[in-house]
Amino acid sequence: MSDPTSGPLIVLVGPMGVGKSTVGELLAARLGTGYRDTDADVVATAGKPIPEIFYDEGEEHFRALERQAVEAAVAEHGGVLSLGGGAVLDEATRTLLAGHTVVYLSMDVDEAVKRVGLNTARPLLAVNPRRQWRELMEARRHLYTEVARAVVATDERTPEEVAQAVLDVLELPDAPSSGRENTRMTEQASTRIQIAGSAGTDAYEVLIGRQLLGELPTLIGDRVKRVAVLHPEALAETGEAVRQDLADQGYEAIAIQLPNAEEAKTVEVAAYCWKALGQTGFTRTDVIVGIGGGATTDVAGFVAASWLRGVRWIAVPTTVLGMVDAAVGGKTGINTAEGKNLVGAFHPPAGVLCDLAALDSLPVNDYVSGMAEIIKAGFIADPAILDLVEADPQGARTPAGPHTAELIERAIRVKAEVVSSDLKESGLREILNYGHTLAHAIEKNERYKWRHGAAVSVGMVFAAELGRLAGRLDDATADRHRAVLESVGLPLTYRGDQWPKLLENMKVDKKSRGDLLRFIVLDGLGKPTVLEGPDPAVLLAAFGEVSA
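From a predicted model like this one, the values you see are computed outputs, not experimental measurements.

Side note on the overall build of the chain
Scanning the chain for helices and strands turns up 23 helices and 16 strands. By residue count, 55% of the 548 residues in the chain fall in the buried class. Carbon and sulfur atoms make up 50% of the accessible area of the chain, which amounts to about 22200 Å² in all.

In structure tokens:
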């Protein structure tokens, strides 16, 4: 339905963190058209994340790349287009937008700091976000208003509500087959997946649906006195709301704020949590609740496992990655300078609440990153996942897609079946590490600035090539890795000059045995197996296939 000859149907502008990507994806799905993000175009052109462009080449170089990306997108794209927060600073860009349907998504400073916080991925808000936000907006607000046909406030609104407001103000109807019906269907039902107990651990349930926080007190139980709610800085408002709700129900509830993402997974952060628990008088009958992405639930579980040699904990994952991977199975841990998750414990939660509504406000790149783990589950165990993604790659990139709930449920079922049989990774559970040996090496090499899913995507392509070169995997399945991963926007390559460092990193991978490198490869679709001690020349050749 996109018609590039007339330019974009809608152009979204506004400050960083306002939700342009999420709203843009929703609008495209509602209007039955395509979506494009100039920030993603810049990243693809530069071959590195935006913060690295800022730090390595400076803002002026980034703005030049951004200007080129906007010019190309306006000329080529006929759907919904979102621009980077500072794109309107360029006079040529503002002139280019004249005559197009531009919508300015606005938010106030308090909302901005809640959403953006001190996230290091926002290079212009690295020191004092509140003051710097005001300065940025003083310089940009009149420019947003100048290019916009309409202004839509996002404060106190969900992404769906913002998308509807955009449609209303522009008087645009939904496409005949929008994603709204699917959302309503998801809200009507929830799914319970049982995880069997093993090795002295209790069975527990993963609950998938919407509006699930009401289930939290039931999981906590009425014999508990104290509850500690661990949350990242980016979810400070959510963490406090949950703490207050639990306090209103009679629990002695505290909130412990963690750094965002992988920065939380350090021994210093764990020690901070132990101190807070000690000062609160936390006992073995009390409960920890971890609300956030995979890094947050990893830390929450590790703190629970190590405090008093083990207390109950509940996972409330808010990202795709957290739902389908980190929160299920009881693997908890923190990172060290030597590698990822080398310090940890197997400590299953008492329950997992996967509230799909949390995904509605997830940035598109974070959502797509989580798709890597879903696609992994398709290759190792459930090919129906791959069929669903291939049927609608754009839909797979957004929580408004038609198969969101089914994709997440299928991926969780794959992991549930594996961990129910093998809690402590003594055998079958190793298959869940498909693509992860190289992925963890990349993450360490990038100092954990790469998204986990992006690294896993490259790692799976590497594993597929390794399987092909070892005579295990057929060409069609190996090639299918590239096609499926690329269709949702995941990367397929990594810097070729880093192989020596990556090889050293892989030698301390958890799957290695002594000096023997071990990789999960496929003997065919849904047939994972272990490849031990591959020839170094084969390893190098496989890496050559993913080298940029």
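Quick word on helix H16 (residues 384–391)
For H16, the full list of buried residues reads Ile385, Leu386, Leu388 and Val389. Down the axis, H16 shows its buried residues gathered within 160 degrees of arc, on one side only.

Concerning the side chain of Thr404
On the secondary structure map, Thr404 appears in helix H18 (residues 404–421). Assessed through its relative accessible area of 8%, Thr404 is described here as buried. In terms of polar contacts, Thr404 uses its side chain to reach the backbone carbonyl oxygen of Pro399, at 3.1 Å. Of note is the side chain of Thr404, whose polar atom sits 3.3 Å from the backbone oxygen of Gly401. Once you skip the residues sitting within four places of it in the chain, Thr404 turns out to touch Tyr367, Thr398 and Pro399.

Quick look at the confidence of the model for the chain
When pLDDT drops low, the exact placement of atoms in the prediction is not to be read closely. Scored by pLDDT, the chain has a mean of 85; 87% of the residues are at 70 or more. Contacts for the low-pLDDT stretch residues 1–5, under 50 throughout, to residues beyond four places or in other chains number eleven contacts. Across residues 176–188 the pLDDT falls below 50, and counting only partners more than four positions away or on other chains, this stretch makes 14 contacts in the model.

Focus: the nonpolar core
By size, the foremost hydrophobic cluster in this structure holds 98 residues, and its most contacted members are Val206, Ile288, Ile374, Ile375, Ile412, Tyr434 and Phe462. Not counting residues within four places of it along the chain, the set of residues in contact with Phe462 comprises Leu438, Trp499, Phe519, Leu539, Ala542, Phe543 and Val546.

As for empty space enclosed by the protein
In the structure shown here, the tally under the stated rule is four cavities of 30 Å³ or more. Computed from the structure, the second largest cavity encloses a volume of approximately 60 Å³. Lining the second largest cavity are Val324, Asp325, Glu373, Lys376, Ala377, Ala411, Val414, Lys415 and Leu432. Counting residues per element, the ones that place at least two in the lining of the second largest cavity are helix H14 (320–326), helix H15 (364–380) and H18. A per-class count over the lining of the second largest cavity returns five nonpolar, no polar and four charged.

Observations concerning the sheet that holds strand S3 (residues 80–82)
The strand order across the open sheet formed by five strands is S2-S3-S1-S4-S5, and the pairing between neighbours is parallel. Looking at which strands have only one partner, the edges of the open sheet turn out to be strand S2 (35–37) and strand S5 (150–153). On average, each strand axis in the sheet is tilted by 25 degrees relative to the strand beside it, whichever way the strands run. When strand S4 (residues 102–106) meets S5, the two strands line up parallel, connected through four bridges. Each bridged residue has a counterpart across the sheet, and for Tyr104 the counterpart in S5 is Val151. Contacts from helix H8 (residues 159–170) reach strand S1 (10–13), S4 and S5, with the element oriented near 155 degrees to S5.

Cut-offs and rules
Residues numbered from 1 in each chain as written. Predicted model: local features only at pLDDT ≥ 70, side-chain atom pairs only at ≥ 80, totals over all residues. Heavy atoms only, no water. Helix = DSSP H or I, 4+ residues; strand = E, 2+ residues; numbered from the N terminus. Buried < 20%, exposed > 50% of the residue type's maximum accessible area, 1.4 Å probe, protein only. Areas by Shrake-Rupley, 256 points an atom, 1.4 Å probe, with all protein chains shown as cover. Arc of directions from axis to C-beta. Polar contact = N/O pair within 3.5 Å; in protein donor to acceptor, adjacent residues only side chain to side chain. Contact = heavy atoms within 4.5 Å. pLDDT = per-residue confidence, 0-100. Core = buried A, V, L, I, M, F, W, Y, C linked by side-chain atoms within 4.5 Å. 1 Å grid on protein atoms, 1.4 Å probe; cavity = no way out; pocket = protein on both sides within 12 Å on 5 of 7 lines; lining within 4 Å. Points joined across faces, edges and corners; volume = space filled by probe spheres on them. Nonpolar A, V, L, I, M, F, W, Y, C, P; charged D, E, K, R; others polar. Pairing = 2+ DSSP bridges. Axes fitted to C-alpha atoms, helices over the stretch in contact; angles between N-to-C directions.

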